[in-house]
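Take a look at the letters that make up each chain.
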Amino acid sequence: MHSPLLDERDYTAVLGLLEDLTTAETIDEYSVIAMTGLTELIPCIDSSYNEINPGAHEIRWRSIPENSHMAEYAPLFAELMYQNPLVGYFEETEDTRAMMWSDVTSWNQIEKTQLYQEM
């Protein structure tokens, strides 16, 4: 028999995060609680929350810890967001699972985009 991926402490921590998420009254509060909780549950460099509305050329993102370059790059990303292969993929398929660029195209194609080169 193999051991489960999560132990009792992990389950308790996940349930605690889910409970914390129910206290959020705004999407901003939700994103901060979610990202903070995820960085506590899963060792990582950062956690980010992203909303992309290509039709309105609007983006909203936040990261924990805060990324000082986000405000600088937001206008450029809003302009070039369609070069992000995930934006087109999500619009075409309505499949909004968490993915990386390389899940839908090759790194060779990604590196050719102005979005990749400038950001």
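Please refer to the structure higher up on the page.
The following refers to the structure shown.

Digging into a nonpolar patch on the surface
Line of reasoning, step 1. Taken together, Leu 5, Leu 6, Tyr 11, Val 14, Leu 15, Leu 18, Leu 38, Leu 41 and Ile 42 make up a surface patch of nonpolar side chains, about 850 Å² in accessible area.
Line of reasoning, step 2. When residues of the nonpolar patch are traced back to their parent elements, those giving at least two are helix H1 (8-21) and helix H2 (27-41).
Line of reasoning, step 3. Ranked by the residues each element gives to the nonpolar patch, the list is headed by H1, at four residues.

So, unusual backbone geometry
Line of reasoning, step 1. Cis geometry is adopted by the peptide bond preceding Pro 65, which originates at Ile 64 and carries an omega value of -5°.
Line of reasoning, step 2. Note that Pro 65 resides in the loop between strand E2 (58-64) and helix H3 (70-80).

Comments concerning the side chain of Asp 95
Line of reasoning, step 1. With respect to the helices and strands, the residue Asp 95 is situated in the loop between helix H4 (85-93) and helix H5 (107-111).
Line of reasoning, step 2. Accessibility expressed as a relative area gives 16% for Asp 95, which makes it buried.
Line of reasoning, step 3. One polar contact links Asp 95 to Tyr 89, side chain to side chain, over a distance of 2.9 Å.
Line of reasoning, step 4. Separated by 2.6 Å, the side chains of Asp 95 and Arg 97 make a polar contact.
Line of reasoning, step 5. Setting aside its immediate chain neighbours within four residues, Asp 95 contacts Tyr 89 and Phe 90.

Focus: the pairing of strand E1 (residues 47-53)
Regular strands have side chains that alternate between both faces of the sheet.
Line of reasoning, step 1. One ladder, built from seven bridges, connects E1 with E2; its direction is antiparallel. Bridging from a neighbouring strand, Glu 51 pairs with Arg 60 of E2.
Line of reasoning, step 2. The hairpin formed by E1 and E2 contains four residues between the paired strands, and His 57 there has a positive phi angle of roughly 50°.

A short note on the pattern of salt bridges
Line of reasoning, step 1. A complete count under the given rule lists four salt bridges for this structure.
Line of reasoning, step 2. Linking Arg 60 and Glu 51 is a salt bridge whose minimum nitrogen-to-oxygen distance equals 3.6 Å.
Line of reasoning, step 3. Its salt-bridge partner being Arg 97, residue Asp 95 comes within 2.6 Å of it at the nearest N-O pair.
Line of reasoning, step 4. You can call Arg 97 exposed: its relative accessible area is 54%.
Line of reasoning, step 5. Here the salt bridges do not stand alone but share partners, grouping Asp 28, Glu 51, Arg 60 and Arg 62 into one network.

Criteria and cut-off values
- Residues numbered from 1 in each chain as written.
- Predicted model: local features only at pLDDT ≥ 70, side-chain atom pairs only at ≥ 80, totals over all residues.
- Heavy atoms only, no water.
- Patch = residues over 30% accessible without salt bridge, like charges linked within 9 Å, V, L, I, M, F, W, Y side chains within 5 Å.
- Areas by Shrake-Rupley, 256 points an atom, 1.4 Å probe, with all protein chains shown as cover.
- Salt bridge = Lys/Arg side-chain N within 4 Å of Asp/Glu carboxyl O.
- Helix = DSSP H or I, 4+ residues; strand = E, 2+ residues; numbered from the N terminus.
- Buried < 20%, exposed > 50% of the residue type's maximum accessible area, 1.4 Å probe, protein only.
- Polar contact = N/O pair within 3.5 Å; in protein donor to acceptor, adjacent residues only side chain to side chain.
- Contact = heavy atoms within 4.5 Å.
- Pairing = 2+ DSSP bridges.

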